[in-house]
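What follows is the residue order along each chain.
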Amino acid sequence: MVSPLPTYPTTHLPNSAKRVLLVTGGSRGIGAATAELAAERGYAVCVNFRKNQAAAEAVVATIEAGGGTAVAVQADVSSEPDVLQLFETVDARLGPLAALVNNAGVLERQTRVEHVDAARLQRVFATNVTGAFLCAREAVKRLSTAHGGAGGAIVNVSSRAAQLGAPGEYVDYAASKAALDALTIGLAREVAGEGIRVNGVRAGIIYTDIHADGGEPDRVDRLGPTLPMKRGGHAIEVARAILWLLSDEASYSTGTFIDVAGGR
Ligand code: NAP
């Protein structure tokens, strides 16, 4: 017998209700592109940021100018009290969560492993791994049918570096993204029977501010021509893959990854 297609959160909501999405690190780069595209597709979006309130408010203003719904909420995802407050704010201001994009991520100056100290490792893993775990935990508490939720979707924003290792640049960052990929695989299987899909997008070399944090603002222009597609990627190209994985179009995909890396 053919099993029936499952229903998803939107199908439980009146037509006027919007699916609520939290994008961590939604103030800039890939997170901002994701927040804006999600709003165009009808989500009510929480634009989380850590420091850059002006950038987060600009994303909210763009969304509102297009007739969408968004709020900017400050929280450092590596801080457990901040994460609790972030999710409570989403509950109170936007309503029941339907989806999470674990996008907030950091890297530090390009260097070799012999120059990496414990403090740096703690900073990189605190945001990229601990932050993603804490946000995933709070999302599962709200989405899981085992907790009375309506199901939903989580997308973790990873990197091709998780598989390539980023030698000579930031092996610590690559290792943190490999840990994030393990979270994607393990959590996906853990909650697959509870209405939650968990997937990852592994971005390649994308035009955002993050490369300046690594000490090379023009890194995308340097490496773009060496890639199979002969160019760097744009944040919107990653956002489109994220939105597909969040959507009902991806209803039978979980624990899997889309590489958005120009063939790298
Ligand atoms: P970005 O332009 O530097 O933006 C980073 C975003 O994360 C900002 O919104 C920042 O907030 C936020 N953020 C950083 N730490 C945070 C924390 N502890 N708590 C909450 N928010 C925090 O970076 P991006 O390039 O768009 O990167 C987004 C994701 O894509 C990251 O996970 C990154 O590792 C991944 N990625 C990027 C590339 C690439 O080539 N760009 C490639 C592969 C993967 P503020 O604005 O407040 O600082």
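Attention here is on the structure that accompanies the text. Predicted, not measured: the structure shown is a model, and the values here were computed from it. The written sequence of each chain sets the order in which its residues are numbered from 1. Since the coordinates come from a predicted model, pLDDT governs what is reported: local features require at least 70, and pairs of side-chain atoms require 80 or more to be given and counted, while whole-chain, interface and lining totals use all residues. To get the side-chain values, take all heavy atoms of the structure and skip hydrogens and water.

**What about the sheet that holds strand E6 (residues 196-203)?**
Phase 1: For two strands to pair, DSSP has to find at least two bridges joining them. Strands here mean DSSP runs of E at least two residues long; helices mean DSSP runs of H or I at least four residues long; both are numbered from the N terminus. Pairing is parallel across the open sheet formed by seven strands, whose spatial order is E3-E2-E1-E4-E5-E6-E7. A single partner strand is all that each edge strand has here, and the edge strands are strand E3 (69-74) and strand E7 (257-260). Neighbour to neighbour, the strand axes of the sheet diverge by 20° on average, direction disregarded.
Phase 2: Across four bridges, strand E1 (residues 20-23) lies against strand E2 (residues 44-49) in parallel orientation. Its bridge partner lying in E2, Leu21 is registered against Val45.
Phase 3: Strand contacts of helix H9 (residues 235-246): E1, strand E4 (97-102), strand E5 (152-159), E6 and E7, with the helix running at about 165° to E6, the strand carrying the most contacts. In this analysis, axes come from line fits to C-alpha atoms, helices being fitted only over the stretch in contact, and the angle between any two N-to-C directions falls in the range 0 to 180 degrees. In what follows, residue pairs with any heavy atoms lying within 4.5 Å of each other are defined as contacts.

**A closer look at the environment of Phe133**
Phase 1: Along the polypeptide, Phe133 turns up in helix H4 (residues 118-143).
Phase 2: In this scheme, a residue with accessible area under 20% of its type's maximum is buried, one over 50% is exposed, and one in between is partly exposed, where area comes from a 1.4 Å probe on protein chains only. With relative accessibility at 44%, the residue Phe133 sits in the partly exposed group.
Phase 3: When the C-alpha atoms of Phe133 and Leu187 are compared, they prove to be 9.6 Å apart, with 54 residues separating the residues in sequence.

**Section: helix H6 (residues 171-191)**
Phase 1: The span expected for a helix works out to 1.5 Å for each residue beyond the first. In this model H6 runs 30 Å from its N-terminal to its C-terminal C-alpha over 21 residues, within 8% of the 30 Å that 1.5 Å per residue would give.
Phase 2: Along H6, the residues that are buried comprise Asp172, Tyr173, Ala174, Ser176, Lys177, Leu180, Asp181, Leu183, Thr184, Leu187, Ala188 and Val191.
Phase 3: Summarising the contacts, the buried residues of H6 are in contact with H4, E5, helix H5 (161-164), E6 and E7.

**Observations regarding the nonpolar core**
Phase 1: By nonpolar core we mean a set of buried residues, namely Ala, Val, Leu, Ile, Met, Phe, Trp, Tyr and Cys, connected to one another through side-chain atoms within 4.5 Å. Ranked by internal contacts, the top residues of the largest apolar core, which has 35 residues, are Leu21, Val45, Val47, Val201, Val238, Ile242 and Leu246.
Phase 2: Residue assignment for this core shows that the elements contributing at least two residues are E1, helix H1 (29-40), E2, helix H2 (53-65), E4, E5, E6 and H9.
Phase 3: Looking at which element gives the most residues to this core, the answer is H9, with eight residues.
Phase 4: If we skip the residues at most four places from it in the chain, Val45 touches Leu21, Val23, Ala35, Ala38, Ala39, Thr69, Ala70, Val71 and Leu94.

**What to know about the site of the ligand**
Phase 1: Residues in contact with the ligand amount to 31 residues; listed here are only the nearest, Ser27, Lys51, Asn52, Tyr173 and Thr208.
Phase 2: Between the ligand and the protein, one listed contact pairs a nitrogen atom with a side-chain N or O atom of Asp76 at 2.8 Å.
Phase 3: We call two N or O atoms a polar contact when they sit within 3.5 Å, provided that within protein one can donate a hydrogen and the other can accept it, with sequence-adjacent residues counted only if both atoms are side-chain atoms. A distance of 2.8 Å separates an oxygen atom of the ligand from a polar atom in the side chain of Lys177.
Phase 4: In short, Shrake-Rupley with a 1.4 Å probe defines the accessible areas, and a residue's cover is counted only from the protein chains shown. For the ligand, whose accessible area on its own is 900 Å², the fraction buried by protein is 98%.
Phase 5: Buried and open spaces are told apart on a 1 Å grid over the protein atoms alone, a cavity being a set of points where a 1.4 Å probe fits but cannot get out and a pocket being an open set with protein on both sides within 12 Å along at least five of seven lines. Residues with an atom within 4 Å of a point are the lining residues. If over half the atoms of a molecule are within 2 Å of the grid points of a cavity or pocket, the molecule is regarded as sitting in it. In this structure the site holding the ligand corresponds to the largest pocket.
Phase 6: Listed by contribution, the elements that provide at least two residues to the shell around the ligand are H1, E2, E5, H6 and helix H7 (210-213).
Phase 7: Residue classes follow a fixed rule: Ala, Val, Leu, Ile, Met, Phe, Trp, Tyr, Cys and Pro count as nonpolar, while Asp, Glu, Lys and Arg count as charged, and any other residue, Gly among them, counts as polar. Within the shell around the ligand, the residues separate by chemical class into twelve nonpolar, 13 polar and six charged. To be near a molecule or strand, a residue needs just one of its heavy atoms within 4 Å of it.

**Topic: the layout of surface pockets**
Phase 1: Grid points are joined across faces, edges and corners, and a volume is the space filled by probe spheres set on the points. Counted as a void, the largest pocket has a volume near 1000 Å³.
Phase 2: As for the largest pocket, its lining consists of 46 residues, of which Gly105, Val106, Leu107, Ile210 and Asp213 are closest to the centre.
Phase 3: Secondary-structure elements contributing two or more residues to the lining of the largest pocket are H1, E2, H4, E5, H5, H6 and H7.
Phase 4: Across the lining of the largest pocket, the residue classes tally to 18 nonpolar, 15 polar and 13 charged.

Any link to function would need more than the numbers given here.
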